[in-house]
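# Summary of the model geometry
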Number of protein chains: 2
Amino acid sequence: MITIIILGAGNVAKHIYTAFTNQKSVRIIQCYNRKGVSIHKDQKKENITKNLRDLIEADIYIIAVSDDAISEVSDNLPFTNKLIVHTSGSVPMLSMNSVNRRGVFYPLQTFSINSTIKYSTIPFCIEAEKDTDRLLLKKLALILSPKVYDISSEQRSVLHVAAVFVNNFTNHLFSVGNQICSENEIPFEILHPLIQETAKKITVLDPDKAQTGPAIRKDNKTLQRHLHILKKDSQKELYTLLTQSIQSNYGKKL
Amino acid sequence: MITIIILGAGNVAKHIYTAFTNQKSVRIIQCYNRKGVSIHKDQKKENITKNLRDLIEADIYIIAVSDDAISEVSDNLPFTNKLIVHTSGSVPMLSMNSVNRRGVFYPLQTFSINSTIKYSTIPFCIEAEKDTDRLLLKKLALILSPKVYDISSEQRSVLHVAAVFVNNFTNHLFSVGNQICSENEIPFEILHPLIQETAKKITVLDPDKAQTGPAIRKDNKTLQRHLHILKKDSQKELYTLLTQSIQSNYGKKL
């Protein structure tokens, strides 16, 4: 039995609570947040505290608070030599106070779409100062998902940049597609299946091999016609730079 | 019963054959291609021709050849006043020869990932000079998919540009994410679930509302750190322009 305490009341804290609440090999024995609010409907009041001094003994303390607050919370813990982990994609492990044994338990997922998440598909990035702690965190993550990775703080910060490309920037391209459609009274939903296919394809094919379109074909006639169709300068600029980027990427490999 | 003849031997021709071959309300009565090859294992030899002069009578002639060849094939048809349609996303309907009744039957999908395609999820874009022809094409498309749209040639060319953004450019961002990962010995598969989620999200949420990340938050500290982490100038350039584009898009809406 692994005993855990969750610190925080945001999305990640709630999802971690929900994920572990029905697992037999884990017990969430206490939760802390500044306002002392419940983060799950099944939670017992006596297990919630708003005072760090009331924290009891546990195997793992999971600090699931905003990035800016992680270091401060770790500074104010009333004990030493316990395993404390944060859940952030971008905060270095060593930014937490060194009086405790430090680690990271980072579920790489956007926790916003709805409350029913298939935890078994979520990749967990694990890091710890001590090897025994790393193995314990791995054991904890494996309860939820088979996808558990040893990722250093440096790798995690790189992963965060890569995630900006494949998530934030990709979503922005969907926005631009949506704009272009609505400017011409075309329902954006026509493109939904293509978008799903684009995302699915790279799970079976390297994205470099999945690249298609006028840019990689160097089909200049189409490229010129597309630039002519685009109305906004910002759209033209994106089109031009992304086309150049595809062509230089592809050119190098020849 | 709708009788059709398929002209061409590429991916789209093959997929259209496969899609209609087991439908009771459609009969593929003949196929044409320059080499006279079979495009489906169940095809009878006597129904294949490599001579346009041998084409028999049908309700719809589907020209599924490369964009550049559409106009030429339409010029060489040995009949007039029949319904001829092409399947291209970017060729105007009127580029075909006007001696026949013209239309477009465009399945908006990438037909490359594998042979088992769920045709019911594919959007079909329909256009025709005559309203009765438009209704017949709609009827034909509805046999395969409930997603049938009236799209003019002008809208179709715009849709093609939007598709470049959400498909070609998006895939390129996946390539960049893959690059960043492999430069740092991180398995790209860690990002697969996030990519699927990103694509799924916009089917339930407008992409503008789904936008997250340091750019929209104007989190300059993170933006600077990310630019510092990126090694290649081309990556930095993309990061900078996409960030600016998100910020100006968001700024306008405030």
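Model, not experiment: these values are computed from the prediction.

## Digging into the UniProt feature "domain: DUF2520" (unreviewed entry) in chain A
Mapped onto the present numbering, the UniProt feature "domain: DUF2520" (unreviewed entry) falls at residues 122-246 of chain A. End C-alpha to end C-alpha, residues 122-246 of chain A measures 30 Å, and it is 70% helix and 6% strand.

## Quick word on the relation of the copies chain B and chain A
Least-squares fitting of chain B to chain A yields an RMSD of 0.0 Å, with the superposition described by an axial translation of 0.0 Å and a rotation of 180°. What the rotation and shift describe, once combined, is the action of a two-fold rotation axis. Across chain B, the rotation axis passes nearest the C-alpha of Thr170(B), at a separation of 2.8 Å. By residue overlap, the copies meet face to face through one surface: 100% of the interface positions of chain B are interface positions in chain A.

## A word on the interface of chain B and chain A
Between chain B and chain A, the residue contacts involve 82 residues of the former and 82 residues of the latter. Roughly 8100 Å² is buried in total at the junction of chain B and chain A, and carbon and sulfur atoms are behind 68% of that figure. For the pair chain B and chain A, the interface holds zero salt bridges. The element best represented in the side of chain B that touches chain A is helix 4 (residues 153-183) of chain B, accounting for 26 residues. Taken together, the residues of the side of chain B that touches chain A sort by class into 41 nonpolar, 31 polar and ten charged.

## As for the UniProt feature "domain: Pyrroline-5-carboxylate reductase catalytic N-terminal" (unreviewed entry) in chain A
UniProt feature "domain: Pyrroline-5-carboxylate reductase catalytic N-terminal" (unreviewed entry): in the numbering of this structure it lies at residues 4-86 of chain A. Along residues 4-86 of chain A, the helical share is 24% and the strand share 25%, with 13 Å between the first and last C-alpha atoms.

## A few points about the packing of aromatic side chains
For the structure on display, the rule yields twelve aromatic pairs over all chains. Among the aromatic residues, ring-to-ring pairing joins Phe20(A), Phe105(A) and Phe124(A) into one connected group.

## Observations regarding the pattern of salt bridges
Residues and elements named next belong to chain A. This structure, assessed with the given rule, holds 20 salt bridges over all chains. The partner of Arg156 in a salt bridge is Glu127, with the nearest N and O atoms 3.0 Å apart. Of this pair, Arg156 sits in helix 4 (residues 153-183) while Glu127 sits in strand 7 (residues 124-128), and the two are 29 residues apart along the sequence. Summarising the burial analysis for this pair, Arg156 and Glu127 share the class buried. Linked by salt bridges that have partners in common, Asp131, Arg134, Lys138 and Asp150 make up one network.

## Re the domain arrangement of chain A
All names here are of chain A. Split by domain assignment, chain A resolves into domain 1 (2-151) and domain 2 (156-253). The distance between the C-alpha centroids of domain 1 and domain 2 comes to 37 Å. Each side of the interface is counted separately: domain 1 has 14 residues, and domain 2 has five residues. Here domain 1 and domain 2 share an interface that buries about 630 Å² over both sides, 59% of which is from carbon and sulfur atoms. Inspection of the region where domain 1 meets domain 2 yields one salt bridge.

## Comments concerning the pairing of strand 2 (residues 26-32) of chain B
Residues and elements named next belong to chain B. Among the seven residues of strand 2, six are classified as buried, and the element is accordingly described as predominantly covered. Summarising the sheet, strand 1 (residues 2-7) and strand 2 pair through six bridges and their orientation is parallel. When the bridges of strand 2 are listed, Thr3 appears paired with Arg27. With helix 1 (residues 11-21) bridging strand 1 and the parallel strand 2, this β-α-β connection has right-handed handedness. With two bridges joining them, strand 2 and strand 3 (residues 48-49) adopt parallel strand pairing. Counted as the bridge partner of Tyr32 is Thr49 from strand 3.

## A short note on the side chain of Gln235(B)
Tracing the backbone through its elements, the reader meets Gln235(B) in helix 9 (residues 233-253). Of the polar contacts made by the side chain of Gln235(B), one reaches the side chain of Gln179(B); its length is 3.0 Å. Engagement of the side chain of Gln235(B) in a polar contact is seen with the side chain of Glu183(B), the distance being 3.4 Å. Among residues more than four places away in sequence, those in contact with Gln235(B) are Phe165(A), Val176(B), Gln179(B), Ile180(B), Glu183(B) and Leu230(B).

Quick notes on the rules
- Residues numbered from 1 in each chain as written.
- Chains lettered and ligands numbered in written order.
- Predicted model: local features only at pLDDT ≥ 70, side-chain atom pairs only at ≥ 80, totals over all residues.
- Heavy atoms only, no water.
- UniProt positions renumbered as here; feature names shortened; annotations may be inferred.
- Helix = DSSP H or I, 4+ residues; strand = E, 2+ residues; numbered from the N terminus.
- Least-squares fit on C-alpha atoms with pLDDT ≥ 70 in both.
- Contact = heavy atoms within 4.5 Å.
- Buried area = accessible area lost by both parts, 1.4 Å probe.
- Salt bridge = Lys/Arg side-chain N within 4 Å of Asp/Glu carboxyl O.
- Nonpolar A, V, L, I, M, F, W, Y, C, P; charged D, E, K, R; others polar.
- Phe/Tyr/Trp six-rings, centres within 6.5 Å; stacked < 30°, edge-to-face > 60°.
- Buried < 20%, exposed > 50% of the residue type's maximum accessible area, 1.4 Å probe, protein only.
- Domains from an automatic or database assignment.
- Pairing = 2+ DSSP bridges.
- Right-handed = clockwise from strand over helix to strand, strands pointing away.
- Polar contact = N/O pair within 3.5 Å; in protein donor to acceptor, adjacent residues only side chain to side chain.

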